[in-house]
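Next come the chains, spelled out residue by residue.
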Amino acid sequence: MLEILSALNSPCGGEEHIKKYIKTKLSGACEDSVGNLIYRNKGGDKKLVIYCSLDEDAIVVMSQKDGKINFAHVGDKKIHPGDTVSFGGYKGVVCSDNKEKPTEDMYIRTVGNVEIETASIGNLEGEYYCEENVVFMKEAAARVAVCSMIECADCESDFDTYFVFGVMGKKSSRGLVAALREIKPDKVLLFEQTEKENLTVKFLATGYVCSRELVEEITEIEPSVEKEVDSKAKSAVSFAECENAVCVGVPVKFANNIRQEINLDIKDKILNIIRKTMKKGCE
Amino acid sequence: MDSILKTLCNIDSVSGRENELRDYIIEMVKPYADKIQVDSIGNLYVLKKGTNPKKKIMLCAHMDEVGMIVSSITDDGYIRFKIIGGIDESVLVAKRVRIGDKKVLGVTGIKAVHLLPKDKRKEKVDYKEMYIDIGASSKNDAEEIVKIGDPVYFDTKAEKLGELCKGKALDDRGGCYALMMLLRETFENDVVYVFTVQEEVGLRGASVAARFVKPDECIVVDCTTCLDMLDVDESKMSTHLGKGVAVTVVDSATFVNKEFREKLVSCSEKFQYKNVPVGGNDAGAVHINNIKTASLSLPGRYIHSQVSLASPKDIENLITTIKNYLKEN
């Protein structure tokens, strides 16, 4: 499933393909007004949201002239001349004429100088590669979280659980905010990447402090989880607008690159956290 | 230049002080409205019921403009100020302004360049070194007509400039004007016309309005940057005057729903995409309330300064695009 998810392009604002695939796995999943894909497992009365984002960095065609495409980049990955971009069936390469500062004044040239329609949304290319239990892929943390959420979606739950596969994660987690304002959950469990070596629970990030109880809950479920304290780190959880929100960091290497490295041993721990959180009762 | 647009541009309405403009809009839209309401933050809601409503559509334009606020008065009667909204400080020097309800006239000033040390002359202007001269000779004199907290507006006359409209705050009087024209028609669906407040200081009115109205969809109507001027690289020109309504794909606050955007484009006789993903508007505050939202803008040169320019053809195009959408959907 992970390899399929990796092959499905899902740039911010153009997540249709990956949503379509998830719907084949979770029939009954539907989209809200901003495009989040939500699957509901109606267990108990109190609402639990389990969230991860679906989108990857987007390349938006702004204008083009003489074969040069002027683009906007939405996301957090570093782009360099030589990176490959895909617009549906068309490929392009990021270029720059600025020899001193090549990452400034970048543009895209398509293969065969094919013209791409303005406002088209493309994505950066990054192939999937697996060796033993180590995988190189785009949005590694989020994709592993998506896989885990799909596998747990129909598990027994003491909560009215909403699995939110969010859009616009790269745009200050707009999809997350929209979903939470609609659902108004009692508790939120989010997954995102961390640069630490182990699974973490984010105790402190920019604009966010997690309650001790929630941190203890996660460390009780999965003792190997490390407490991550970084007041300068950005985290989607700071947008959660919910007191009972906790963020689990999924460890990856090369977090700012188009492809990250992830050890799949982590997946069992993520599954454990999701299943036990769903069964944690309405405390 | 249309007289309503002229009046809209001439009325003073800095963020947090939108009452005068709101009163004018209420007066003008009363004959066409089914219901008018003002909320506690100052947003104006005008409901126009549909003939056979299946959904509730919100159209949104902001009433406020960028400006300044009096922060202190010197012993010599000069006025110090702070900026409201995003203004490039270099456009503030040597400008005519009006202060407060009494519309006290003043001129912005700064230390003359020949009095500055040579190394300081090329530095960026800092508004903290500026002041407003109202011709007072003492603090007491000044305090008789100006108070701390008084809003400060650019003193600009709205008029035609060649083929274009010139005025203060076409951002977003152009949008307000479009909504007022659309209000004269009845459509199939219920339409709530929302004139928001405090957009320039953080999309505050729209954030409240979205949760109050809870529409099925929303079109934000604003005025956006237009950099089709001398010495600007074409790749940096966000929009062009006269090339139609500007459709946002992505900006700093929003990634517009693709399907909705494409539907709006199909309703437009002349459109352009906003080429540079900078800036943001009320759409940023509306869509995170789980509301399908799109943004249509009027291209405007020199916005967020004393004077801005827009094309009457673009205004017409903006109104027609929305009208076609409301008729067909």
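Parameters and conventions
Here the residue numbering is sequential within each chain, running from 1 through the sequence in written order. For naming, the first written chain is A and the first written ligand is 1, with later ones following in the order written. Local features in a predicted model are, by the rule used here, given only for residues with pLDDT of at least 70; side-chain atom pairs are given and counted only at 80 or more, and totals for whole chains, interfaces and linings are based on all residues. For side-chain calculations, the full set of non-hydrogen atoms in the structure is used, while hydrogens and water are omitted. Where helices and strands are cited, they refer to DSSP runs of H or I of at least four residues and of E of at least two residues respectively, numbered from the N terminus. C-alpha atoms define the radius of gyration in this analysis, and the globule rule sets the expected value at 2.2 Å times the number of residues to the power 0.38. Think of it in three bands: with a 1.4 Å probe and only protein chains considered, a residue is buried below 20% of the maximum accessible area for its type, exposed above 50%, and partly exposed in between. It only takes one pair of heavy atoms within 4.5 Å for two residues to be counted as in contact. Accessible surface area values rest on a Shrake-Rupley calculation with a 1.4 Å probe, where residue burial reflects the displayed protein chains alone. Under this rule, positive means Lys or Arg and negative means Asp or Glu; His and the chain ends count for nothing. Positions of charges follow a simple convention, taking NZ of Lys, CZ of Arg, CG of Asp or CD of Glu. Only strands joined by at least two bridges in the DSSP assignment are considered to pair. In this analysis, axes come from line fits to C-alpha atoms, helices being fitted only over the stretch in contact, and the angle between any two N-to-C directions falls in the range 0 to 180 degrees. What we call a nonpolar core is a set of buried Ala, Val, Leu, Ile, Met, Phe, Trp, Tyr and Cys residues that are connected through their side-chain atoms within 4.5 Å. Summed over both partners, buried area is the accessible surface (1.4 Å probe) that two parts give up on being assembled. Two N or O atoms count as a polar contact when they lie within 3.5 Å, although within protein this holds only if one can serve as hydrogen donor and the other as acceptor, and sequence-adjacent residues are included solely when both atoms are side-chain atoms. Each residue receives one of three labels: charged for Asp, Glu, Lys and Arg, nonpolar for Ala, Val, Leu, Ile, Met, Phe, Trp, Tyr, Cys and Pro, and polar for the others, Gly being one of them. Here, a salt bridge means any Lys or Arg side-chain nitrogen found within 4 Å of an Asp or Glu carboxyl oxygen. Using a 1 Å grid laid over the protein atoms alone, points where a 1.4 Å probe fits but cannot get out form a cavity; open sets with protein on both sides within 12 Å along at least 5 of 7 lines form a pocket; any residue with an atom within 4 Å of a point counts as lining. Grid points are joined across faces, edges and corners, and a volume is the space filled by probe spheres set on the points. Aromatic pairing here means that ring centres of Phe, Tyr or Trp (its six-membered ring) are within 6.5 Å. Orientation follows from the plane angle: under 30 degrees is stacked, over 60 is edge-to-face, and everything else is tilted. To sit over a ring, a charge needs its Lys NZ or Arg CZ within 6 Å of the ring centre and within 35 degrees of the ring normal.

Trainee: I'd love a proper account of the overall build of chain A, names of residues and values included.
Mentor: Counting its secondary structure elements, chain A contains six helices and 18 strands. A compact globule built from 283 residues would reach a C-alpha radius of gyration of about 19 Å, and chain A, at 19 Å, matches this within 12%. With respect to the three principal axes, the spread of C-alpha positions in chain A is 60 × 40 × 35 Å. Within chain A, the proportion of its 283 residues that are buried is 57%. Restricting the contact set of chain A to residue pairs at least 6 apart, pairs at least 24 apart contribute 74%. Of the roughly 12,500 Å² of accessible surface on chain A, 45% is carried by carbon and sulfur atoms. In chain A, which carries 38 positive and 47 negative side-chain charges, the distance between the mean positions of the two groups comes to 2 Å.

Trainee: Residues and numbers for the sheet that holds strand S11 (residues 164–167) of chain B, please.
Mentor: Residues and elements named next belong to chain B. Spatial strand order, S10-S11-S17: three strands in an open sheet with antiparallel pairing. Edge positions in the open sheet fall to strand S10 (159–161) and strand S17 (308–310), since each of these has one partner strand only. Averaged over all pairs of adjacent strands, the angle between their axes in this sheet comes to 35 degrees, without regard to strand direction. With three bridges joining them, S11 and S17 adopt antiparallel strand pairing. Along S17, the bridge assignment pairs Gly-167 with Ser-308.

Trainee: Describe the nonpolar core, and please don't skip the residues or the numbers.
Mentor: Counting 72 residues, the largest nonpolar core has A:Phe165 and A:Phe191 as the members making the most contacts within it. Here the element with the most residues in this core is helix H3 (residues 140–152) of chain A; it accounts for nine residues. Discounting chain neighbours no more than four positions away, the residues touching A:Phe165 are A:Ile22, A:Leu26, A:Asn36, A:Leu37, A:Cys52, A:Leu54, A:Val146, A:Met149 and A:Ile150. If you look at the next biggest cluster of nonpolar residues, it comprises 69 residues, including A:Ala119, B:Cys223, B:Val247 and B:Leu264.

Trainee: Explain the interface of chain B and chain A residue by residue, including any values.
Mentor: The interface is formed by 26 residues belonging to chain B together with 26 residues belonging to chain A. Looking only at chain B, the three residues that lose the most surface to chain A are B:Phe255, B:Ile288 and B:Asn290, adding up to 38% of its buried area. Here chain B and chain A share nine residue pairs in polar contact (both at pLDDT 80 or more) between them. Of the residues assigned to the side of chain B that touches chain A, the class counts are nine nonpolar, nine polar and eight charged.

Trainee: Could you give me a rundown of unusual backbone geometry, with the residues and numbers involved?
Mentor: Residue B:Asp172 is bonded to the preceding B:Asp171 through a cis peptide linkage, with omega at 10 degrees. Tracing the chain through its elements places B:Asp172 in helix H4 (residues 170–182). Backbone geometry at A:Met168 places phi at a positive 55 degrees, although glycine is not the residue there. According to the relative accessible area criterion, A:Met168 is buried, its value standing at 4%.

Trainee: Give a detailed account of the pattern of salt bridges, specifying residues and quantitative values.
Mentor: According to the stated counting rule, one finds 37 salt bridges over all chains in the structure shown. The residue A:Glu217 makes a salt bridge to A:Lys187 at a minimum N-O spacing of 2.4 Å. Placement of the pair is A:Glu217 in helix H5 (residues 212–221) and A:Lys187 in strand S13 (residues 187–194), with a sequence separation of 30 residues. The class for A:Glu217 is buried, based on a relative accessible area of 11%. Residue class for A:Lys187 comes out buried when judged on its relative accessible area of 9%. For B:Glu159, the salt bridge is made with B:Lys157, and the minimal N-O distance between the two is 3.8 Å. Through salt bridges with shared partners, a single network forms among B:Asp12, B:Glu20, B:Glu65, B:Arg96, B:Arg98, B:Lys103, B:Asp155, B:Lys168 and B:Arg173.

Trainee: Tell me about helix H4 (residues 174–183) of chain A, and please be specific about residues and values.
Mentor: The element H4(A) is extensively covered by neighbouring structure, given that nine of its 10 residues are classed as buried. Lining the buried residues of H4(A) we find strand S2 (37–42), strand S3 (47–53), strand S12 (160–166) and S13 of chain A together with helix H5 (204–213) and helix H7 (283–286) of chain B. Two residues or fewer past H4(A), A:Lys184 is found with a positive phi of approximately 55 degrees.

Trainee: So what about empty space enclosed by the protein? Which residues, and what values?
Mentor: Residues and elements named next belong to chain A. This model, assessed by the stated rule, comprises two cavities of 30 Å³ or more. What the largest cavity holds in volume is close to 80 Å³. Considered class by class, the residues forming the lining of the largest cavity number five nonpolar, three polar and four charged. Lining the second largest cavity are Glu-56, Asp-57, Lys-77, Leu-124, Lys-138, Glu-139 and Ile-258.

Trainee: Any chance you could break down the environment of B:Gly175 for me, citing the residues and the numbers?
Mentor: Its location among the elements puts B:Gly175 in helix H4. For B:Gly175, a relative accessible area of 0% translates into the label buried.

Trainee: I'd love a proper account of H5(A), names of residues and values included.
Mentor: Buried within H5(A) are the following residues: A:Leu214, A:Val215, A:Glu217, A:Ile218, A:Thr219 and A:Ile221. Buried-residue contacts for H5(A) involve S13, strand S14 (200–205), strand S16 (226–229), strand S17 (245–251) and helix H6 (266–278) of chain A.

Trainee: If you had to explain the packing of aromatic side chains to someone new, which residues and values would you point to?
Mentor: Throughout the structure, instances matching the rule amount to six aromatic pairs over all chains. Relative to A:Phe136, the ring of A:Tyr129 has its centre 6.1 Å away and its plane inclined at 40 degrees; by these criteria the two rings are tilted. Residue class for A:Tyr129 comes out partly exposed when judged on its relative accessible area of 42%. Relative to B:Phe212, the ring of B:Tyr45 has its centre 4.8 Å away and its plane inclined at 55 degrees; by these criteria the two rings are tilted. Of this pair, B:Tyr45 sits in strand S2 (residues 44–48) while B:Phe212 sits in helix H5, and the two are 167 residues apart along the sequence. Taking relative accessible area as the criterion, B:Tyr45 reaches 4% and is therefore assigned buried. The ring of A:Tyr107 carries the charged tip of A:Lys68 above its face, separated from the ring centre by 4.6 Å.

Trainee: Tell me what's going on with the sheet that holds strand S12 (residues 190–196) of chain B, and back it up with residues and numbers.
Mentor: All names here are of chain B. Reading across the sheet, the eight strands line up as S1-S2-S12-S3-S13-S16-S14-S15 and stay open at both edges, with mixed pairing between neighbours. The strands lining the two open edges of the sheet, one partner per strand, are strand S1 (35–38) and strand S15 (271–273). Averaged over all neighbouring strand pairs, the angle between strand axes comes to 25 degrees, with direction disregarded. Along the sheet, helix H8 (residues 312–328) makes contact with strand S3 (56–62), S12, strand S13 (217–225), strand S14 (245–247) and strand S16 (292–300), crossing S16 at roughly 160 degrees.

Trainee: Account for the environment of B:Lys111, naming residues and giving values.
Mentor: Residue and element names in this part refer to chain B. By secondary structure assignment, the location of Lys-111 is in the loop between strand S7 (104–109) and strand S8 (131–133). Residue Lys-111 is classed as exposed on the basis of its relative accessible area, which comes to 53%. For the pair Lys-111 and Met-130, spaced 19 residues apart in sequence, the C-alpha to C-alpha distance is 7.7 Å.

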